[in-house]
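Here are the chains, one letter per residue:
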Amino acid sequence: MKYKYGIVFLVYFVFCAADWLFANIPIINALSTGYFTEYDIFMNLHTSLNGYSGLQEIMVVYTIPVLIGIWCLSIQERPYILLRFRNRTVYMQTEMRKAAITSVGFSLIHEIVDYALVSRYLDRDMLKENDFLKYCIFMTLLLGIFYMETGCVYYIISDLAKNRLSALLGAFLINFVQFTVLKYMNGIWLPGADTIAPFDYLDGVLGVGGVLLIALRGVMVTAVLYILCQIVFEKRDILKNEEK
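Just so it is clear, the structure is predicted and the values come from calculations on it, not from any experiment.

Procedures and definitions
Residues numbered from 1 in each chain as written. Predicted model: local features only at pLDDT ≥ 70, side-chain atom pairs only at ≥ 80, totals over all residues. Heavy atoms only, no water. Core = buried A, V, L, I, M, F, W, Y, C linked by side-chain atoms within 4.5 Å. Buried < 20%, exposed > 50% of the residue type's maximum accessible area, 1.4 Å probe, protein only. Helix = DSSP H or I, 4+ residues; strand = E, 2+ residues; numbered from the N terminus. Contact = heavy atoms within 4.5 Å. Phe/Tyr/Trp six-rings, centres within 6.5 Å; stacked < 30°, edge-to-face > 60°. Lys NZ or Arg CZ within 6 Å of the ring centre and 35° of its normal. Axes fitted to C-alpha atoms, helices over the stretch in contact; angles between N-to-C directions. Parallel < 35°, antiparallel > 145°, perpendicular 65-115°, else oblique. Left-handed = near helix turned anticlockwise from the far one by under 90°. Nonpolar A, V, L, I, M, F, W, Y, C, P; charged D, E, K, R; others polar.

Trainee: Explain the nonpolar core to me, please; I cannot follow it from the model alone.
Mentor: The nonpolar side chains of a soluble globular protein tend to be buried with one another. Core analysis: the biggest nonpolar cluster contains 61 residues, and Phe42, Ile58, Val118, Tyr147 and Tyr154 have the highest contact counts within it. Considering every element that reaches this core, the biggest residue donor is helix α8 (residues 132–161), with 14 residues. Other than its neighbours up to four places away in sequence, Tyr154 contacts Leu67, Ile70, Trp71, Arg164, Ala167, Leu168 and Ala171. If you look at the next biggest cluster of nonpolar residues, it comprises eight residues, including Phe138, Leu142, Ala197 and Val211.

This is the structure we're talking about:
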């Protein structure tokens, strides 16, 4: 299992680094025109809709590798495998732990890449003045919560549809719909909207307390989804003569 985690996280690192360079180098090169300050470039890197840290990447593009990672690390639901666990609750707790590690792992890698490369190309004193490190910490927290919610949705759909491929597609479509709604309709709250909180902190709209309250709301949503995962899985007929 450690080997699998290592492969998944290595792929995440390469993917995030390549995506950062592809999305951000053209923006950073705009410094040479003399029309933009480093602060302008910095804010553009982190408040655009479609950039490396943009809402489209977070809710649509990055949902794909996170879900694939959860799928690759999950245990196959075969009767002889499930019988190794004391009960269904223990099995689901094991799966949720893997989803949490995958979600937080991707989020941490995403922000480590962002912090390292932004620090490489932009003035570090300017980044310090704008609390960039704190922004990255908040982003890791909110992204981890959001992808954990996505993982829970994946398991719920998987148990209802009894098909993991359908669950991958279903969880992705739910995030895609969230993104579409948030893009065109202001003032509507959806779980994915919480990932905007670090941007609002960077912009001075939210303080530390506001971001933490939003994170707490995300934790509560995740807890509800986790309970639903347990309920749906408990009712699923996997073993014909399984003891309840």
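What follows picks up the thread again.
Trainee: Sorry if this is basic, but what is going on with the environment of Leu49 here?
Mentor: You can see Leu49 is positioned in the loop between α2 (38–47) and α3 (55–61). When its relative accessible area of 33% is taken as the criterion, Leu49 is described as partly exposed. Contacts of Leu49, omitting those with residues within four sequence positions, involve Gly54, Leu55, Gln56, Phe179 and Lys183.

Trainee: Sorry if this is basic, but what is going on with the side chain of Asn24 here?
Mentor: Here Asn24 is to be found in helix α1 (residues 2–28). Sequence-distant contacts of Asn24, that is, excluding residues within four places in its chain, are made with Leu45 and Tyr52.

Trainee: Mind showing me how you'd approach the packing of aromatic side chains here?
Mentor: The geometry of an aromatic ring pair is captured by two quantities: the separation of the ring centres and the angle between the planes. Overall, the coordinates contain 16 aromatic pairs when judged by the stated rule. Seen from their ring centres, Phe172 and Phe176 are 6.3 Å apart, and the 25 degrees between their planes marks the pair as stacked. Of this pair, Phe172 and Phe176 both sit in helix α9 (residues 164–184), four residues apart, which is roughly one turn of that helix. Among the aromatic residues, those joined into a cluster by ring pairs are Tyr5, Phe9, Tyr12, Phe15, Tyr52, Tyr62, Phe106, Phe146 and Tyr147. Over the ring of Tyr121 we find Arg120; its NZ or CZ atom is 5.0 Å from the centre of that ring.

Trainee: Help me out: how do you make sense of the side chain of Thr195 in this one?
Mentor: Topologically, Thr195 is positioned in the loop between α9 and α10 (197–203). Excluding its chain neighbours within four sequence positions, the residues that come into contact with Thr195 are Leu55, Ile58, Met139, Leu142, Leu143 and Phe146.

Trainee: Is there a simple way to think about the packing of α1 against α2 in this case?
Mentor: The description of two helices packed together rests on the angle between their axes and the distance between the axes. Put simply, α1 and α2 touch, their axes get as near as 10 Å, and they point 155 degrees apart. Classified by the angle their axes make, α1 and α2 are roughly antiparallel. Taken as a pair, α1 and α2 cross one another with a handedness that is right-handed. When α1 is examined against α2, the residues Asn24, Ile27 and Ile28 are found in contact with a partner set consisting of Ile41, Asn44 and Leu45. Tallied by class, the residues present in the contact of α1 with α2 amount to four nonpolar, two polar and no charged.

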